[in-house]
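In case you want the letters, here they are:
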Amino acid sequence: MAHLQFSSYKGFGEMSKEKFYCSQSVRVGDIIETAGQGGWDPDTFVIPRDLPTQISQAFKNVELNLKNAGAKGWSEVYKIVSYHAPLNNEAIELFVENMRKYCPDHQPCWTAVGVQQLGGDDMRVEIDVKAHSPK
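So, how was this worked out
- Residues numbered from 1 in each chain as written.
- Predicted model: local features only at pLDDT ≥ 70, side-chain atom pairs only at ≥ 80, totals over all residues.
- Heavy atoms only, no water.
- Pairing = 2+ DSSP bridges.
- Helix = DSSP H or I, 4+ residues; strand = E, 2+ residues; numbered from the N terminus.
- Axes fitted to C-alpha atoms, helices over the stretch in contact; angles between N-to-C directions.
- Contact = heavy atoms within 4.5 Å.
- Salt bridge = Lys/Arg side-chain N within 4 Å of Asp/Glu carboxyl O.
- Buried < 20%, exposed > 50% of the residue type's maximum accessible area, 1.4 Å probe, protein only.
- 1 Å grid on protein atoms, 1.4 Å probe; cavity = no way out; pocket = protein on both sides within 12 Å on 5 of 7 lines; lining within 4 Å.
- Points joined across faces, edges and corners; volume = space filled by probe spheres on them.
- Nonpolar A, V, L, I, M, F, W, Y, C, P; charged D, E, K, R; others polar.
- Left-handed = near helix turned anticlockwise from the far one by under 90°.

Enquirer: I'd like to hear about the sheet that holds strand β4 (residues 77-84), residue by residue, with values.
Expert: In spatial order, the strands read β1-β2-β3-β6-β4-β5; together these six strands make up an open sheet with mixed pairing. Taken across any chain shown, the strands that pair with only one partner, and hence form the sheet edges, are β1 (4-7) and β5 (109-114). For this sheet, the mean inter-axis angle between neighbouring strands, taken without regard to orientation, is 15°. Pairing between β4 and strand β6 (residues 125-132): seven bridges, direction antiparallel. Paired with K79 across the bridge in β6 is K130. Packing against the sheet, helix α2 (residues 51-68) makes contact with β1, β2 (25-28), β3 (31-34), β4 and β6, and its axis sits at approximately 35° to β6.

Okay, structure coming up:
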């Protein structure tokens, strides 16, 4: 699988690789796909309880993940899938606010999914993306 380039960023990414046996992103040619990114602090692993902070941090973690994989960041994202527990108007409004901030020059495709539970007890959002990032 030499054509697949897996990566995990320092802190939470490396811990996840060890503990959960998964990478945070994979590059296949010019495409980078990420594992779901939550609102955890990448160094302390703490997940804030308030939704605005958690969504904002999840966007920052996507950026960190993409750059670690060799991308420029959100500017190359073309597809977003977000998972919300719960999916409600507040979550949508906060998500759109961050999309406008991180993608000011384009509007990626976006699917929002409501779920009963995410990977951590305090998680209320998880974001995975696909980005086109020519080498």
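Enquirer: I'd like a description of the pattern of salt bridges, backed by residues and values.
Expert: This model, assessed by the stated rule, comprises two salt bridges. Among the salt bridges present, the one from K67 reaches E63, with a minimum N-O distance of 3.2 Å. Placement of both K67 and E63 in helix α2 is noted, with a separation of four residues, approximately one turn of the helix. What makes E63 buried here is its relative accessible area of 19%.

Enquirer: Could you give an account of the layout of surface pockets, with specific residues and numbers?
Expert: Rolling a probe over the atoms, with the probe sized like a water molecule, indicates the empty space that remains. Space inside the largest pocket adds up to approximately 290 Å³. Lining the largest pocket are 16 residues, and of these F12, F20, W40, G119 and M123 lie nearest its centre. With five residues, the single largest contributor to the lining of the largest pocket is helix α1 (residues 12-20). For the lining of the largest pocket, the class distribution of residues is nine nonpolar, five polar and two charged. There is about 160 Å³ of room inside the second largest pocket. Taken together, the residues of the lining of the second largest pocket break down into five nonpolar, two polar and two charged.

Enquirer: An account of the packing of α2 against helix α3 (residues 89-102) is requested, with residue identities and associated values reported.
Expert: The geometry of α2 relative to α3 is characterised by a closest axis approach of 10 Å and an angle of 40° between their N-to-C directions. Note that α2 runs across α3; the crossing there is right-handed. Contact residues: L51, P52, I55, S56, F59, K60 and E63 in α2; E90, A91, L94, F95, N98, M99 and Y102 in α3.

Enquirer: I'd like a rundown of the pairing of β6, residues and numbers included.
Expert: Of all eight residues in β6, six are buried, a share of seventy percent or more. Two elements, β3 and β6, share three bridges in a ladder whose sense is antiparallel. Its bridge partner being in β6, E33 is matched across the sheet by K130.

Enquirer: Describe the pairing of β3, naming the residues involved and giving the relevant values.
Expert: Along β3, the buried face is formed by I32 and T34; none of I31 and E33, which line the opposite face, is buried. Judged from the four bridges that link them, β2 and β3 form a sheet pairing that is antiparallel. When the bridges of β3 are listed, R27 appears paired with I32. The antiparallel pairing of β2 with β3 creates a hairpin that spans two residues between the two strands, and G29 there sits at a positive phi of about 65°.

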